[in-house]
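Coordinate analysis (summary)
The residues making up each chain are set out below.
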Amino acid sequence: MAVTQDKPTRTRLISGPGILLVWLYGVMVVGAVSRSAYQIATEFDRAPLAYGLSAVAGLVYGFITYTLVRGGETARKAALVCCAAELAGVLIVGTWTLVESSAFPDATVWSDYGMGYLFIPVLLPLSALYWLRKARTVTR
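Right, let's walk through the structure included here. Everything numeric in this text was worked out from a predicted model, so none of it was measured.

1. What to know about helix α4 (residues 120-134)
- In a regular helix each residue adds 1.5 Å, so 15 residues correspond to 21 Å; α4 covers 20 Å between its end C-alpha atoms and thus fits that length.
- Listed in full, the buried residues belonging to α4 are Pro121, Val122, Leu124, Pro125, Ala128, Leu129, Trp131 and Leu132.
- Taken together, the buried residues of α4 touch α1 (17-43), α2 (48-70) and α3 (73-99).

2. So, the packing of α2 against α3
- Two elements in contact, α2 and α3, have axes whose closest approach is 9 Å; the angle formed by their N-to-C orientations is 155°. Judged by the angle between their axes, α2 and α3 are roughly antiparallel. Note on packing geometry: the crossing formed by α2 with α3 is left-handed. Contacts between α2 and α3 involve Leu49, Leu53, Val60, Tyr61, Phe63, Ile64, Thr67 and Arg70 from the former and Ala75, Ala78, Ala79, Cys82, Cys83, Glu86, Val93 and Trp96 from the latter.
- Its residues placed into classes, the contact of α2 with α3 shows 13 nonpolar, 1 polar and 2 charged.

3. Here we look at the nonpolar core
- The biggest cluster of nonpolar side chains holds 33 residues, and the ones touching the most others in it are Tyr25, Tyr61, Leu68 and Val109.
- Residue assignment for this core shows that the elements contributing at least two residues are α1, α2, α3 and α4.
- Take this core: its biggest share by element is 8 residues, from α2.
- Among residues more than four places away in sequence, those in contact with Val109 are Met28, Ala32, Ser54, Ala57, Tyr61, Gly114, Tyr117 and Pro121.

4. A few points about the packing of aromatic side chains
- Summed over all chains, the structure comprises 2 aromatic pairs.
- Between Tyr25 and Tyr61 the ring centres are 5.9 Å apart and the planes differ by 50°, which places this aromatic pair in the tilted class. Of the two residues, Tyr25 sits in helix α1 while Tyr61 sits in helix α2, which places them 36 residues apart along the sequence.
- Given a relative accessible area of 0%, Tyr61 falls into the buried group.
- Ring centres 4.9 Å apart and planes at 85° place the aromatic pair Trp96 and Phe104 in the edge-to-face group.
- Judged by its relative accessible area of 35%, Trp96 is partly exposed.

Conventions we followed
Residues numbered from 1 in each chain as written. Predicted model: local features only at pLDDT ≥ 70, side-chain atom pairs only at ≥ 80, totals over all residues. Heavy atoms only, no water. Helix = DSSP H or I, 4+ residues; strand = E, 2+ residues; numbered from the N terminus. Expected span 1.5 Å × (residues − 1). Buried < 20%, exposed > 50% of the residue type's maximum accessible area, 1.4 Å probe, protein only. Contact = heavy atoms within 4.5 Å. Axes fitted to C-alpha atoms, helices over the stretch in contact; angles between N-to-C directions. Parallel < 35°, antiparallel > 145°, perpendicular 65-115°, else oblique. Left-handed = near helix turned anticlockwise from the far one by under 90°. Nonpolar A, V, L, I, M, F, W, Y, C, P; charged D, E, K, R; others polar. Core = buried A, V, L, I, M, F, W, Y, C linked by side-chain atoms within 4.5 Å. Phe/Tyr/Trp six-rings, centres within 6.5 Å; stacked < 30°, edge-to-face > 60°.

Structure follows, in structure tokens:
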């Protein structure tokens, strides 16, 4: 008798609310990357820290989008770590821009906790962290 070993199926992270997360992260990728690319190319010397941070935000959004689409437990864990780092970045940069606004002659994606993006940069990682914890596979 042949013994077959079942391949573990990849946990879908883009079902239900996960689809909305992918869509929102995709929009944020386009917004942050295009904004920072333009600003870095045309006026980098004006606010290098702000434009560099916006580029980093775009890369983080891109990686999270990729992991959500990829699915699986490893991708879920990587997305969890990235979303926690994203939230920390939004809170740190958001507070920094309020405390010492002179350090940021121009806004970043995460300035004032993402006020220029309707606070989506602070709400998105909170929502994603909730969804990713809920989507955790139960191992027995």
